[in-house]
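# Structural features, examined
Chain residues, written in single-letter form:
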Amino acid sequence: MRDVINDTNTKAYCGPTVIAAITGKPISVVREAIRKDRDRTFGRSRYDSAGRERPVAGLLSHETTGAFGLLGWRMKYVTGLRGDRRPTLAAWLRSRSKEDRAKTFVLVIGKRKISPGRYGFGSWSGGHYVAVKGKRFVDTFTDGKLVWTKDAPHRRKRVDQVW
C-alpha cells in the first residue's frame, strides 16, 4: 500500500481512495476505471442532464471489483459478516493470523444494506471502504495517508465485508 496521489482538485471518496492506495495509481486513473466499469456494466451515462461529469461516489461492491480488474488486480471475497458475528474493526485487527497480517484487505465498515442490483444479483452499499495491510491503514479520514492501525479512525465501527 502507498499514500494516495490525488491529482484532481476535488475530494476523493472512500472507494477510489482505497483502490488508489492499493494499486498505486493516482485518483484520476482510478476514477476513469470506475467510470469505464460503470459504462460497461450498466451503460450509465457519465454525464448528468447539464452535461457535467458525474462524481465517482457511492461505490457498490461489484463496481469496486470491476475497477480493480480494469487496473490489473483481482479481488477475492473473503467473508460477509452478519448480526452478532460482526466484530469491530479493532477486534478484527487483533484476530488476524500471522499469514493474514502480510496480506492486503479491503474492508467495508459501518452501516450495511444490500441493493438488489440491475441484473438480479445483490450488491453491498452504504458502508465505508478502508484498506489494511499489516499494521498500516488508509481511508479518506486519513487523507489518503498511511497511518498505524492503532491510530486508525473507525476502530469501533463494525466490519461488514472483507476482501
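Not measured: the values here are computed from a predicted model.

## Focus: the layout of surface pockets
- Of the pockets and cavities examined, the largest pocket occupies roughly 350 Å³.
- Lining the largest pocket are 17 residues; nearest its centre among them are Lys 76, Val 78, Thr 104, Phe 105 and Trp 163.
- Ranked by the residues each element gives to the lining of the largest pocket, the list is headed by strand β2 (residues 104-109), at three residues.
- Class assignment for the residues of the lining of the largest pocket results in ten nonpolar, two polar and five charged.
- Of the pockets and cavities examined, the second largest pocket occupies roughly 170 Å³.
- In terms of lining residues, the second largest pocket is bounded by Ala 90, Leu 93, Arg 94, Arg 96, Arg 101, Lys 135, Trp 148, Thr 149, Lys 150 and Arg 155.
- Looking at the lining of the second largest pocket element by element, the count peaks at three residues for helix α4 (residues 89-95).
- Among the residues making up the lining of the second largest pocket, the classes are represented as three nonpolar, one polar and six charged.

## Here's the deal with the pairing of strand β5 (residues 128-133)
- Of all the six residues making up β5, five are buried; the element is thus mostly covered by neighbouring parts of the structure.
- As paired elements, β5 and strand β6 (residues 136-138) share three bridges and run antiparallel to each other. Among the inter-strand pairings, Val 132 is bridged to a residue of β6, identified as Phe 137.
- Following β5, the chain reverses through two residues before pairing antiparallel with β6; Gly 134 in that reversal takes a positive phi of roughly 60 degrees.

## Concerning the pattern of salt bridges
- Tallied over the entire structure, the rule returns three salt bridges.
- We note a salt bridge from Arg 86 to Asp 160, for which the minimum N-O separation is 2.6 Å. Placement of the pair is Arg 86 in the loop between β1 (79-80) and α4 and Asp 160 in strand β8 (residues 159-162), with a sequence separation of 74 residues. Each member of the pair, Arg 86 as well as Asp 160, carries the same accessibility label: buried.
- Between Lys 150 and Asp 151 there is a salt bridge whose closest N-O contact spans 3.6 Å.

## Some thoughts on helix α3 (residues 61-70)
- Buried residues dominate α3, accounting for seven of its ten residues.
- Of the positions making up α3, those classed as buried are Ser 61, His 62, Glu 63, Thr 64, Gly 66, Ala 67 and Phe 68.
- Taken from the residues just after α3, Gly 72 is the one with a positive phi, measuring 90 degrees.

## Topic: the confidence of the model for the protein chain
- Overall, the prediction assigns the protein chain a mean pLDDT of 84, with 85% of residues at 70 or greater.
- Confidence drops under pLDDT 50 across residues 117-122; counting only partners more than four residues distant or on other chains, this segment forms nine contacts.

## Regarding the packing of helix α1 (residues 14-23) against α3
- At a minimum axis distance of 11 Å, the contact between α1 and α3 shows a crossing angle of 30 degrees. Judged by the angle between their axes, α1 and α3 are roughly parallel. Seen along the crossing, α1 lies across α3 with a hand that is right-handed. Note on element contacts: α3 touches α1 through Thr 64, Ala 67 and Phe 68, opposite Ile 19, Ile 22 and Thr 23.

What counts, and where the lines are drawn
Residues numbered from 1 in each chain as written. Predicted model: local features only at pLDDT ≥ 70, side-chain atom pairs only at ≥ 80, totals over all residues. Heavy atoms only, no water. 1 Å grid on protein atoms, 1.4 Å probe; cavity = no way out; pocket = protein on both sides within 12 Å on 5 of 7 lines; lining within 4 Å. Points joined across faces, edges and corners; volume = space filled by probe spheres on them. Helix = DSSP H or I, 4+ residues; strand = E, 2+ residues; numbered from the N terminus. Nonpolar A, V, L, I, M, F, W, Y, C, P; charged D, E, K, R; others polar. Buried < 20%, exposed > 50% of the residue type's maximum accessible area, 1.4 Å probe, protein only. Pairing = 2+ DSSP bridges. Salt bridge = Lys/Arg side-chain N within 4 Å of Asp/Glu carboxyl O. pLDDT = per-residue confidence, 0-100. Contact = heavy atoms within 4.5 Å. Axes fitted to C-alpha atoms, helices over the stretch in contact; angles between N-to-C directions. Parallel < 35°, antiparallel > 145°, perpendicular 65-115°, else oblique. Left-handed = near helix turned anticlockwise from the far one by under 90°.

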